[in-house]
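One letter stands for each residue in the lines below.
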Amino acid sequence: MRIDLISAVPQVLESPLQHSIIGNAQEQRAVEIYTHDLHDYSDDKHHKVDDYPYGGGAGMVLTPQPIFSCIEALQAERGYDEIIFPTPDATRFEQPQANKLSLSQNLIFLCGHYKGVDQRVREALITQEYSIGDVVLSGGELAVLTMVDAIVRLLPGVLGNSESALTDSFQNDLLEGPVYTRPAVFRGMKVPGVLRSGNHHKIQQWQHKQSLQRTREVRPDLLEKFNNED
Ligand code: ADE
């Protein structure tokens with residue numbers, strides 16, 4: 001998979017892309033990620049990428065020219081499955097959307113900034129818009145990183161244990177139960193005995209029960225979905 005990220009502040013993207021799972025995925029060549037600074041595509045003599053909104057109001061709007069130039073330059077090199085724009089006024093990005101996008105060859109993510117992006121970009125270039133939740137972030141970078149992380153960890157070979165992505169919370173509409181590691185006793189707090197019993201059947205039963213209990217406590221809406229599945 002190839003992912004191109006377009007941003008007016010690519011510095012914000014740097015560290016999360018270089019470390020941990022996404023960093024390892026690039027080292028293993030499961031994904032190639034390229035960041036593009038919008039300022040490099042601006043025809044303006046000061047490399048400006050934003051301007052005041054028509055009609056007034058607070059905040060700046062990303063201008064269309066650098067975005068069109070950048071996306072057209074990328075499209076001249078290869079086809080893209082989707083050109084994605086994160087924005088709070090869009091449908092929700094959840095696990096099924098991550099699963100589907102993880103099957104793509106080439107993706108572009110455009111990070112919004114300040115007040116937003118000129119509507120003509122959204123209409124002419126963007127093929128998919130997603131919100132990561134009912135909360136407003138100051139820029140699209142963190143929303144894009146959230147989506148990229150959710151997608152990349154699903155790529156073959158990226159997680160050490162190939163089963164772990166499939167048993168995640170949300171993959172079957174249930175939240176994951178508690179997990180423990182060594183030591184067996186820490187400051188008097190014990191790891192549940194069943195997890196140390198070696199009885200795999202009993203462990204699975206316990207984990208499922210914990211999973212149901214946790215989901216019932218914090219996300220009863222998910223439990224309803226789970227119960228309605230055949
Ligand atoms: N940009 C700002 N807020 C956002 C959100 N909630 N989801 C996606 N992109 C955003």
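Structure first, text after, so check above.
Definitions and cut-offs
- Residues numbered from 1 in each chain as written.
- Predicted model: local features only at pLDDT ≥ 70, side-chain atom pairs only at ≥ 80, totals over all residues.
- Heavy atoms only, no water.
- Patch = residues over 30% accessible without salt bridge, like charges linked within 9 Å, V, L, I, M, F, W, Y side chains within 5 Å.
- Areas by Shrake-Rupley, 256 points an atom, 1.4 Å probe, with all protein chains shown as cover.
- Salt bridge = Lys/Arg side-chain N within 4 Å of Asp/Glu carboxyl O.
- Helix = DSSP H or I, 4+ residues; strand = E, 2+ residues; numbered from the N terminus.
- 1 Å grid on protein atoms, 1.4 Å probe; cavity = no way out; pocket = protein on both sides within 12 Å on 5 of 7 lines; lining within 4 Å.
- Points joined across faces, edges and corners; volume = space filled by probe spheres on them.
- Nonpolar A, V, L, I, M, F, W, Y, C, P; charged D, E, K, R; others polar.
- Pairing = 2+ DSSP bridges.
- Axes fitted to C-alpha atoms, helices over the stretch in contact; angles between N-to-C directions.
- Contact = heavy atoms within 4.5 Å.
- Near = heavy atom within 4 Å.
- Polar contact = N/O pair within 3.5 Å; in protein donor to acceptor, adjacent residues only side chain to side chain.
- Buried < 20%, exposed > 50% of the residue type's maximum accessible area, 1.4 Å probe, protein only.

Draft legend 1. Quick peek at a nonpolar patch on the surface. There is a patch of nonpolar side chains on the surface, built from Val12, Ile132, Val135, Leu137 and Leu142 and spanning about 380 Å² of accessible area. Residue placement: Val12 occurs in helix α1 (residues 11-18).

Draft legend 2. Up close: the layout of surface pockets. The volume enclosed by the second largest pocket comes to roughly 470 Å³. Lining the second largest pocket are 21 residues, and of these Phe93, Glu94, Gln95, Pro96 and Phe170 sit closest to its centre. Every element with two or more residues in the lining of the second largest pocket is listed here: α4 (95-101), α6 (141-152) and α8 (220-227). Counting residues per element, the lining of the second largest pocket draws most heavily on α4, at four residues. Across the lining of the second largest pocket, the residue classes tally to seven nonpolar, six polar and eight charged.

Draft legend 3. Looking closely at the sheet that holds strand β7 (residues 116-117). Read from one edge to the other, the open sheet built from three strands follows the order β3-β4-β7, with strand pairing classed as mixed. Lying at the two open borders of the sheet, with one neighbouring strand each, are β3 (50-51) and β7. Across two bridges, β3 lies against strand β4 (residues 61-62) in antiparallel orientation. Paired with Asp51 across the strands is Val61, a residue of β4.

Draft legend 4. Examining the sheet that holds strand β2 (residues 32-37) more closely. Read from one edge of the open sheet, five strands run β2-β1-β6-β5-β8, paired in parallel fashion. Because the sheet does not close on itself, it has two edges, and the strands there are β2 and β8 (128-131). Between one strand axis and the next, the sheet turns through 30° on average, direction left out of account. Inspection of the sheet shows strand β5 (residues 82-92) paired to strand β6 (residues 106-110) by three bridges, in the parallel sense. Bridge pairing in β6 places Glu82 opposite Leu107. Against the sheet, α6 contacts β1 (2-7), β2, β5, β6 and β8, and its axis sits at roughly 160° relative to β6.

Draft legend 5. Quick peek at unusual backbone geometry. Put simply, Arg182 and Pro183 share a cis peptide bond, and its omega is 5°. Note on placement: Pro183 falls in the loop between α6 and β9 (185-186). Despite not being glycine, His47 shows a phi value in the positive range, around 60°. Mapped onto the fold, His47 is located in the loop between β2 and β3.

Draft legend 6. Structural view of the site of the ligand. Close to the ligand lie Pro86, Thr87, Pro88, Tyr130, Ser131, Ile132, Gly133, Val135, Val136, Leu137 and Ala143. Backbone polar atom of Val135 to a nitrogen atom of the ligand: 2.6 Å apart, as the coordinates give it. The backbone of Leu137 places a nitrogen or oxygen atom 3.0 Å from a nitrogen atom of the ligand. Protein burial of the ligand: of its 260 Å² of free accessible surface, 95% is covered by the chains. Sorting the residues of the shell around the ligand by element identifies β5 and β8 as the ones contributing at least two each.

Draft legend 7. Examining the pattern of salt bridges more closely. Summed over the entire model, instances satisfying the criterion amount to ten salt bridges. Among the salt bridges present, the one from Arg120 reaches Asp118, with a minimum N-O distance of 2.8 Å. Given the relative accessible area of 16%, Asp118 is considered buried. For the salt bridge of Arg214 with Glu217, the shortest nitrogen-to-oxygen distance reads 3.8 Å. With Arg214 and Glu217 both in helix α7 (residues 200-218) and three residues apart, the pair spans about one turn of that helix.

Draft legend 8. Molecular detail of the pairing of β6. Of all the five residues making up β6, five are buried; the element is thus mostly covered by neighbouring parts of the structure. Of the two faces of β6, the one lined by Asn106, Ile108 and Leu110 and the one lined by Leu107 and Phe109 are each fully buried. Relative to β6, β1 runs parallel, the two being bridged by five bridges. By the bridge assignment for β6, Ile6 is matched with Leu110.

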